[in-house]
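A structural walkthrough
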Amino acid sequence: MNDYNQPYVLVFGASVVDIIGFSSAKYRSYDSTPGNIKITFGGVCRNIAENMARVGVNTKFISILGDDEKGRSMLEHSKVMGYDMSESLILEKGTTPTYMAILDEYGEMVSAIADMKSVDEMTFEFIDSKREIIENSQYTFLDADNPTNLEYILESFKGKTKFILDPISAAKAKNIRHLIKHFHTIKPNRHEAEVLAGFKIKTDEDLRKAVDYFLDLGVKNVFISLDEDGIYYSNGLEYGKIKANNAIVKNVTGAGDSFVAGLGYGYMNNMDIVKTIKFSVAMSIITISHEETIHPKMCYEYVNKYMDEINWTEIVY
């Protein structure tokens with residue numbers, strides 16, 4: 001779909017089918033354990049894309065899928081949710097990235113298999129073939145999964161779109177430290193920020209120092225997630241911390257993905273930085289209040305209503 005008339009954001013990254021087995025009795029190795037099995041669609045970038053589409057952001061998502069049953073159902077699901085995956089790489093005879101885990105009766109993982117080889121099939125040629133889509137996007141959301149492709153995209157499309165980074169993990173952040181200067185926005189957690197800045201972050205002074213380090217590199221907006229302590233933020237003019245006080249936690253998976261999706265909403269709707277953070281935090285609090293990685297009721301109206309009901313603590317530095 002080459003409809004570039006409407007402003008849109010682009011998400012570029014992996015989609016994963018998650019197959020999780022939950023034991024309802026004592027887990028026994030080398031034997032079958034009674035329980036239930038859940039199949040869901042995941043992957044950080046895919047979660048970001050779906051969350052943005054749910055709150056009404058015009059979202060294109062370029063990913064890698066196998067030409068298999070799982071890939072086809074993911075494409076169908078994207079149409080229902082309203083984000084456009086039509087430009088994705090479909091691998092003939094390939095498999096859609098899949099993660100399978102078994103959890104014991106306490107919810108602890110006892111075994112898992114990750115079938116992710118398809119993720120490495122993304123070539124520079126394929127990226128080049130999407131030049132028009134990348135250059136026309138207002139913002140392009142990326143993760144740190146594949147440092148080689150990440151560097152290629154950042155170098156090739158410098159100044160054409162604004163890049164937003166979710167580093168995913170401290171281990172992955174380590175490999176892309178040299179690329180931070182290319183990003184408009186970064187959203188690391190404390191551990192990822194330590195790796196990217198190169199020093200330990202223990203105090204508010206350390207947070208300020210880390211943020212200034214990123215701003216000096218050319219990053220425009222920095223949001224450091226401090227888990228239950230909220231978000232430390234700066235755009236170079238404003239520095240502050242925003243925290244929601246009455247969160248109910250059922251499952252923290254997906255909280256970061258929905259926060260990043262909220263940034264996309266705020267940016268596309270020209271919200272100021274504080275309102276953008278509150279919208280993003282509201283999305284992540286809605287997410288952690290449900291067992292699913294993406295809250296089934298997630299939509300603009302629900303987030304807006306939720307935002308007003310949150311008891312906020314705001315500190316401006």
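Structure report, in brief. Bear in mind that the values here come from a model prediction, so they are computed numbers and not experimental data.

What about the packing of aromatic side chains?
Here the structure, examined in full by the defined rule, presents 11 aromatic pairs. Between Tyr139 and Tyr267 the ring centres are 5.0 Å apart and the planes differ by 35°, which places this aromatic pair in the tilted class. You can see Tyr139 sitting in strand S9 (residues 139–143) and its partner Tyr267 sitting in helix H9 (residues 255–268), a full 128 residues away along the chain. For the pair Tyr139 and Tyr267, one class covers both residues: buried. On the basis of an interplanar angle of 75° and a centroid distance of 6.4 Å, the ring pair of Phe163 and Phe183 is categorised as edge-to-face. Linking Phe163 in strand S10 (residues 162–166) with Phe183 in the loop between helix H6 (170–174) and strand S11 (185–186), this pair joins segments that are 20 residues apart in sequence. Comparing Phe163 with Phe183 shows no difference in burial state: the two are buried. Lying across the ring of Tyr139, Lys162 places its NZ or CZ 5.4 Å from the centre. One cation-aromatic arrangement involves Lys209 over Phe199; the distance from NZ or CZ to the ring centre is 4.3 Å.

Notes on helix H5 (residues 147–156)
Here H5 has its buried residues at Asn149, Leu150, Ile153 and Leu154. End-on view of H5: buried residues confined to an arc of 130°, all on one side of the axis. Residues of H5 that are buried in the fold lie against strand S1 (9–12), helix H3 (124–129), S9 and S10.

Considering the sheet that holds strand S8 (residues 109–115)
Ordered in space as S3-S2-S7-S8, the four strands form an open sheet in which the pairing is mixed. The open sheet has two edge strands, strand S3 (35–42) and S8, and neither has a second partner. Adjacent strand axes in the sheet meet at a mean angle of 15°, parallel and antiparallel pairs treated alike. Relative to S3, strand S2 (residues 16–23) runs antiparallel, the two being bridged by eight bridges. If you follow Phe22 over to S3, its bridge partner there is Asn36. Running over the sheet, helix H2 (residues 69–81) touches S2, S3 and strand S7 (98–103) and is turned about 65° from S3.

Reading the values: the criteria
Residues numbered from 1 in each chain as written. Predicted model: local features only at pLDDT ≥ 70, side-chain atom pairs only at ≥ 80, totals over all residues. Heavy atoms only, no water. Phe/Tyr/Trp six-rings, centres within 6.5 Å; stacked < 30°, edge-to-face > 60°. Helix = DSSP H or I, 4+ residues; strand = E, 2+ residues; numbered from the N terminus. Buried < 20%, exposed > 50% of the residue type's maximum accessible area, 1.4 Å probe, protein only. Lys NZ or Arg CZ within 6 Å of the ring centre and 35° of its normal. Arc of directions from axis to C-beta. Contact = heavy atoms within 4.5 Å. Pairing = 2+ DSSP bridges. Axes fitted to C-alpha atoms, helices over the stretch in contact; angles between N-to-C directions.

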